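Single-letter residue listing:
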Amino acid sequence: MSSTSHNTFVKICALLDSFDWHYERNDEKEFVRYKMESDDLPVEIFITINENNNVLRLLSFFPFKVPEDKRVEMALAICHINSTYINGYFDFDVKTGEITFRMNNFVGDGELGAGALRYMMRIANSMIDDLNDKLFALSKGYITLDQFTEQVS
């Protein structure tokens, strides 16, 4: 990893320590993982740095796969979410049925403030907690796409 990316990784860990945040640190691959308290589904969030462009990424891989017969509806639901929310995005792999939350922030020369990291974590935690149960319900057929879009607006 580049020295700038490494310095950003070290800074992220120092900031998480200053927040008194509980997380797991992988020094070899330079990422951190934390478990988010959620009202329903278990959630893990990974913080990584892309060394090619020094972009900080928050990623969360949802703990369920969408059945094949619900994937078109899910793709439409993900499009609806991504056009509704300003920050943070959901990616959906139609072939595998996997949903990933993603949020990026360019950190340039490694400067990352506590406020920026806190903001990203709060947005990620809020969006995932608000939407994971709705996405799960849609994937299981407990709610329709119309009901989903009414709930997410």
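Draft legend 1. Highlighting the pairing of strand 6 (residues 98-106). Note that strand 4 (residues 55-65) and strand 6 share eight bridges and pair antiparallel. Across the sheet, Val-55 pairs through a bridge with Phe-106, a residue of strand 6. When strand 5 (residues 89-93) meets strand 6, the two strands line up antiparallel, connected through five bridges. Bridge pairing in strand 6 places Tyr-89 opposite Arg-102. Counted between consecutive antiparallel strands, the loop separating strand 5 from strand 6 contains four residues, among which Gly-97 sits at a positive phi close to 80 degrees.

Draft legend 2. Fine view of the packing of helix 1 (residues 3-18) against helix 3 (residues 114-140). In contact at an axis separation of 10 Å, helix 1 and helix 3 are set at 75 degrees when each is read in the N-to-C sense. Considering the angle they form, helix 1 stands roughly perpendicular to helix 3. Here Ile-12, Leu-15 and Leu-16 of helix 1 come into contact with helix 3, specifically with Ala-114, Leu-117 and Met-121. Along the lines of polarity and charge, the residues of the contact of helix 1 with helix 3 split into six nonpolar, no polar and no charged.

Draft legend 3. Geometry of the side chain of Arg-102. Note on placement: Arg-102 falls in strand 6. A distance of 2.8 Å separates a polar atom in the side chain of Arg-102 from a polar atom in the side chain of Asp-91. Apart from the residues within four sequence positions on either side, Arg-102 is in contact with Arg-57, Leu-58, Leu-59, Gly-88, Tyr-89 and Asp-91.

Draft legend 4. View of the sheet that holds strand 3 (residues 43-50). Strand order in the open sheet formed by six strands is 1-2-3-4-6-5, and the pairing between neighbours is antiparallel. Edge positions in the sheet fall to strand 1 (24-26) and strand 5, since each of these pairs with one other strand and no more. Averaged over all neighbouring strand pairs, the angle between strand axes comes to 25 degrees, with direction disregarded. As judged from the five bridges shared by strand 3 and strand 4, these two strands associate in the antiparallel manner. Opposite Phe-46, over in strand 4, you have Leu-59 as the bridge partner. Sheet strands touched by helix 1: strand 1, strand 2 (31-36), strand 3 and strand 4. Its angle to strand 3, the strand with the most contacts, is close to 145 degrees.

Draft legend 5. Structural detail: the pattern of salt bridges. As enumerated under the stated definition, the model contains seven salt bridges in all. Glu-73 is the partner of Lys-70 in a salt bridge, and the nearest nitrogen-oxygen pair spans 4.0 Å. Connected through salt bridges with shared partners, the residues Glu-24, Arg-33 and Glu-44 form a single ionic network.

Criteria and cut-off values
- In every chain, residue numbers begin from 1 and rise along the written sequence.
- It should be noted that, the model being predicted, local features are given only for residues of pLDDT at least 70 and side-chain atom pairs only at 80 or more, the latter also being counted only at that level, while totals for whole chains, interfaces and linings use all residues.
- Hydrogen atoms and water are omitted, and side-chain values are computed over all heavy atoms in the structure.
- Should DSSP find at least two bridges between two strands, the strands are taken to pair.
- Each helix is a run of DSSP H or I of at least 4 residues and each strand a run of E of at least 2, with the numbering of both proceeding from the N terminus.
- Inter-axis angles, ranging from 0 to 180 degrees, are taken between N-to-C directions of lines fitted to C-alpha atoms, where helices are fitted over the stretch in contact.
- By definition in this entry, angles of less than 35 degrees are roughly parallel, angles greater than 145 are roughly antiparallel, angles of 65 to 115 are roughly perpendicular, and the rest are oblique.
- It only takes one pair of heavy atoms within 4.5 Å for two residues to be counted as in contact.
- Residue polarity is assigned by list, with Asp, Glu, Lys and Arg as charged and Ala, Val, Leu, Ile, Met, Phe, Trp, Tyr, Cys and Pro as nonpolar; anything else, Gly included, falls into the polar class.
- What qualifies as a polar contact is a pair of N or O atoms within 3.5 Å, subject to a donor-acceptor requirement within protein and to the restriction that residues adjacent in sequence count only when both atoms come from side chains.
- When a carboxyl oxygen of Asp or Glu is within 4 Å of a side-chain nitrogen of Lys or Arg, the pair counts as a salt bridge.

Nothing here speaks to function; it is geometry throughout.
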